[in-house]
Amino acid sequence: MKKKRIAILGATGSIGTQALSVVREHRELFDVEVLTAAGNATLLIEQAMEFLPKVVVITDESKRAAVDEVLGSKGIEVLSGQQALEEVVQRPLIDIVLTALVGFAGLKPTIAAIKSGKNIALANKETLVVAGELIMKLAEKNEVAILPVDSEHSAIYQCLVGEEKSTLEKIYLTASGGPFRGKDATSLSTITKKEALMHPNWVMGQKITIDSASLMNKGLEVIEAKWLFGLDVDQIEVVVHPQSIIHSLVQFKDGSLKAQMGLPDMKLPIQYALTYPGRLANTFERFDFLKHPCLSFEQPDTKTFANLALAFDALRSGGNMPCVLNAANEVAVAAFLRDETGFREMSTIISETLQKIPFIASPKLDDYLQTDKEARLFAEQLVTKKKKVYQIEK
Ligand code: NDP
Ligand code: MG
């Protein structure tokens, strides 16, 4: 494999740090040229001292001076602000951009990277949820690859290698079911932040951990899959598989099923996206059949976990509705993490926001930006209104 020059947006997060541990094992194959963080200056500095990128970005402007004080003398350029992410991804010194930052903030830098011809290793699923059609068209026009990092999408991508797209009948996205699988609506009402942050199979950033507990993560992944693989909604099914060994499956027209399996470890899909179409030898723990004698499957409970149904509805409505869903969810999750709303109330906030924001059938980039703004504002107002009721009831 020719050496690849990488930019990691969100280097200090769960995906970012795991990506760096993949790189650490194969220094001869990768040059880390750009690292970015939002506010974690200490870790960003530590990473930069180890990987010696040409540029780092700390989006929190107030931390720039502190980062520059240490890294400036090492000849590392230090930038700050959200806008710097869009600028830095366009630099000619990069081959591939790993989008490992969280939420809507990934949209603009991803667009800038695609427009300047950079391949994308996409962890930031929110970008495809918000503007999947726009992103995939832009990628096609600029002849760049969008390589999925999300484990389910990496699984589907791997199953499709060597297959004719026209032979695909449907895909099954597997879901662990999260920490509250099997619970009823009443017991979900009293869920605490601490409980929701304990995922049974994966250690991840806070936002995606809450999304996994509420099944919104699977909803976002359904939308992500629609755009990545150019599918109709009816070609996507979710199946609960609590052991997280089968990462997803493709069903072909002859009824044959192909699955990608392995231990739940994000380093593998990260490595695959960074080395595609090659495969690299590594020392990750191997699967042992005898330790996993039972793989089980269930239907998702979309009555209790309304977020999954809301995501399917938003996708069926199309236009700017997935963008509304994403914005309202980001606001609801942030409020839940601040103890300002309950676990089930998150679905109410999302549902009411979806009903309120005007539908746009064929949104352009500005429409998405405007929709995101309006949806956030409305959802924030709902949080404030409901906060009083929630705190009285608590
Ligand atoms: P984390 O919260 O662990 O990390 C987020 C990273 O993005 C951090 O480096 C953070 O910086 C930075 N960041 C946060 N907000 C902003 C912002 N507004 N602008 C710029 N940078 C920002 O998230 P994860 O690594 O868990 O997830 C990253 C993405 O990958 C998400 O879209 C998630 O859905 C997806 N994903 C994650 C998986 C996982 O296993 N974690 C699995 C599949 C997908 P700082 O540290 O300074 O705050
Ligand atoms: Mg996933």
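Before reading on, note that the structure itself is shown above.
Rules and cut-offs
- Residues numbered from 1 in each chain as written.
- Chains lettered and ligands numbered in written order.
- Predicted model: local features only at pLDDT ≥ 70, side-chain atom pairs only at ≥ 80, totals over all residues.
- Heavy atoms only, no water.
- Helix = DSSP H or I, 4+ residues; strand = E, 2+ residues; numbered from the N terminus.
- Rg over C-alpha atoms; globule rule 2.2 N^0.38 Å.
- Buried < 20%, exposed > 50% of the residue type's maximum accessible area, 1.4 Å probe, protein only.
- Areas by Shrake-Rupley, 256 points an atom, 1.4 Å probe, with all protein chains shown as cover.
- Lys, Arg positive; Asp, Glu negative; His and termini not counted.
- Charge placed at Lys NZ, Arg CZ, Asp CG, Glu CD.
- Near = heavy atom within 4 Å.
- Polar contact = N/O pair within 3.5 Å; in protein donor to acceptor, adjacent residues only side chain to side chain.
- Nonpolar A, V, L, I, M, F, W, Y, C, P; charged D, E, K, R; others polar.
- 1 Å grid on protein atoms, 1.4 Å probe; cavity = no way out; pocket = protein on both sides within 12 Å on 5 of 7 lines; lining within 4 Å.
- Points joined across faces, edges and corners; volume = space filled by probe spheres on them.
- Pairing = 2+ DSSP bridges.
- Axes fitted to C-alpha atoms, helices over the stretch in contact; angles between N-to-C directions.
- Contact = heavy atoms within 4.5 Å.
- Salt bridge = Lys/Arg side-chain N within 4 Å of Asp/Glu carboxyl O.
- Right-handed = clockwise from strand over helix to strand, strands pointing away.
- Donors = N, O, S within 2.8 Å, 3.2 Å for Na, K, Ca; no water.

Asker: Would you explain the overall build of the chain in this entry?
Answerer: Counting its regular elements, the chain contains 16 helices and 11 strands. For the chain, whose C-alpha radius of gyration is 21 Å, the value lies close to the compact-globule estimate of 21 Å for 394 residues. Referenced to the eigenvectors of the C-alpha coordinate spread, the extents of the chain come out at roughly 55 × 50 × 45 Å. A burial count over the chain gives 55% of its 394 residues as buried. Here the chain displays about 17,400 Å² of accessible surface, and carbon together with sulfur accounts for 52% of that area. The chain carries 45 positive and 49 negative side-chain charges, and their two centres are separated by 1 Å.

Asker: Looking at this structure, how should I read the site of ligand 1?
Answerer: Around ligand 1, a shell composed of 26 residues is seen, among which Thr 12, Gly 39, Asn 40, Gln 82 and Glu 126 lie nearest. Within the side chain of Thr 12, a nitrogen or oxygen atom sits 2.7 Å from an oxygen atom of ligand 1. Here an oxygen atom of ligand 1 sits 2.7 Å away from a polar atom, N or O, in the main chain of Asn 40. Protein coverage of the free-state accessible area of ligand 1, which is 890 Å², stands at 84%. Broken down by secondary-structure element, the contributors of at least two residues to the shell around ligand 1 are helix 1 (14-25) and helix 6 (125-141). Among the residues forming the shell around ligand 1, the class breakdown is 13 nonpolar, 10 polar and three charged.

Asker: Would you mind going over empty space enclosed by the protein with me for this structure?
Answerer: Any space left empty among the atoms is revealed by the rolling of a water-sized probe across them. Applying the stated criterion to the full structure yields one cavity of 30 Å³ or more. Roughly 60 Å³ of volume is contained in the largest cavity. Ser 151, Ser 154, Ala 155, Gln 158, Trp 202, His 247, Gln 260, Leu 263, Asp 265, Leu 268 and Pro 269 together form the lining of the largest cavity. Listed by contribution, the elements that provide at least two residues to the lining of the largest cavity are helix 7 (151-160) and helix 12 (267-275).

Asker: Can you walk me through the sheet that holds strand 4 (residues 77-80) in this structure?
Answerer: By definition, the strands of a sheet pair up through backbone hydrogen bonds, in either a parallel or an antiparallel sense. Here we have seven strands laid out as an open sheet, ordered 4-3-2-1-5-6-7, and parallel in their pairing. Two strands in the sheet have a free side with no partner beyond their single neighbour: strand 4 and strand 7 (146-148). Averaged over all adjacent pairs, the angle separating strand axes in this sheet is 20°, with direction ignored. Two strands pair when backbone bridges link them, and strand 1 (residues 4-9) and strand 5 (residues 96-99) are joined in this way by four bridges, in the parallel orientation. Of the residues in strand 5, the one forming a bridge with Leu 9 is Thr 99. Against the sheet, helix 3 (residues 64-71) makes contact with strand 3 (55-58) and strand 4, and its axis sits at roughly 175° relative to strand 4, the strand it touches most.

Asker: Can you help me understand the pattern of salt bridges in this one?
Answerer: In a structure, side chains of opposite charge can pair up when their charged atoms sit close to one another. Here the structure, examined in full by the defined rule, presents 24 salt bridges. If you follow the salt bridges from partner to partner, you end up with Lys 125, Asp 150, Glu 152, Lys 218 and Glu 221 in one network.

Asker: Hey, could you run me through the pairing of strand 3 in this one?
Answerer: Every regular strand shows the same layout, with side chains that alternate between the two sheet faces. Across the two faces of strand 3 the burial is the same, with Val 55 and Val 57 and Val 56 and Ile 58 all buried. Judged from the four bridges that link them, strand 2 (residues 30-37) and strand 3 form a sheet pairing that is parallel. Across the sheet, the residue bridging to Ala 37 is Ile 58, located in strand 3. The handedness of the strand 2 to strand 3 crossover, carried by helix 2 (residues 41-51), is right-handed. When strand 3 meets strand 4, the two strands line up parallel, connected through four bridges. Across the sheet, residue Val 57 finds its bridge partner in strand 4, namely Leu 79. Between the parallel elements strand 3 and strand 4, the chain passes through helix 3 in a crossover that is right-handed.

Asker: What exactly am I supposed to notice about the coordination of the magnesium ion (ligand 2) here?
Answerer: Put simply, a metal with four donors set out as a tetrahedron has ideal angles of 109.5 degrees, and one with six donors set out as an octahedron has ideal angles of 90 or 180 degrees. Taken together, Asp 150 (OD), Glu 152 (OE) and Glu 221 (OE) make up the full set of protein donors to the magnesium ion (ligand 2), lying 2.1 to 2.2 Å away. Positions of the donor residues of the magnesium ion (ligand 2), expressed as sequence spacing, correspond to D-x1-E-x68-E. Taken together, the residues Glu 152 in helix 7 and Glu 221 in helix 11 (residues 216-229) connect sequence positions 69 residues apart.

Asker: Help me understand the sheet that holds strand 8 (residues 168-175), please; the structure alone is not making it clear to me.
Answerer: An order of 9-8-10-11 is seen for the four strands of this open sheet, with the pairing classed as mixed. Looking at the sheet topology across the chains shown, the edges are occupied by strand 9 (236-240) and strand 11 (257-261). On average, adjacent strands in this sheet sit at an angle of 20° to one another, irrespective of strand direction. Packing of helix 7 onto the sheet brings it into contact with strand 8, strand 10 (246-252) and strand 11, and relative to strand 10 it is tilted by some 40°. Packed onto the sheet, helix 11 meets strand 8 and strand 9 and runs at close to 155° relative to strand 8.

Asker: I would appreciate a short explanation of unusual backbone geometry in the present structure.
Answerer: Most of the time, phi is negative for any residue but glycine, and the peptide bond is trans. The step from Tyr 276 to Pro 277 runs through a cis peptide bond, and the omega angle for that step is 5°. Checked against the element boundaries, Pro 277 lands in the loop between helix 12 and helix 13 (306-317). Here the phi dihedral of Leu 215 falls at roughly 70°; this positive angle occurs in a residue that is not glycine. Secondary-structure assignment places Leu 215 in the loop between helix 10 (206-214) and helix 11. Phi is positive for Asp 339, close to 65°, though the residue is something other than glycine. Mapped onto the secondary structure, Asp 339 falls in the loop between helix 14 (321-337) and helix 15 (345-356). Among the residues examined, Asp 339 registers a relative accessible area of 34% and is labelled partly exposed.

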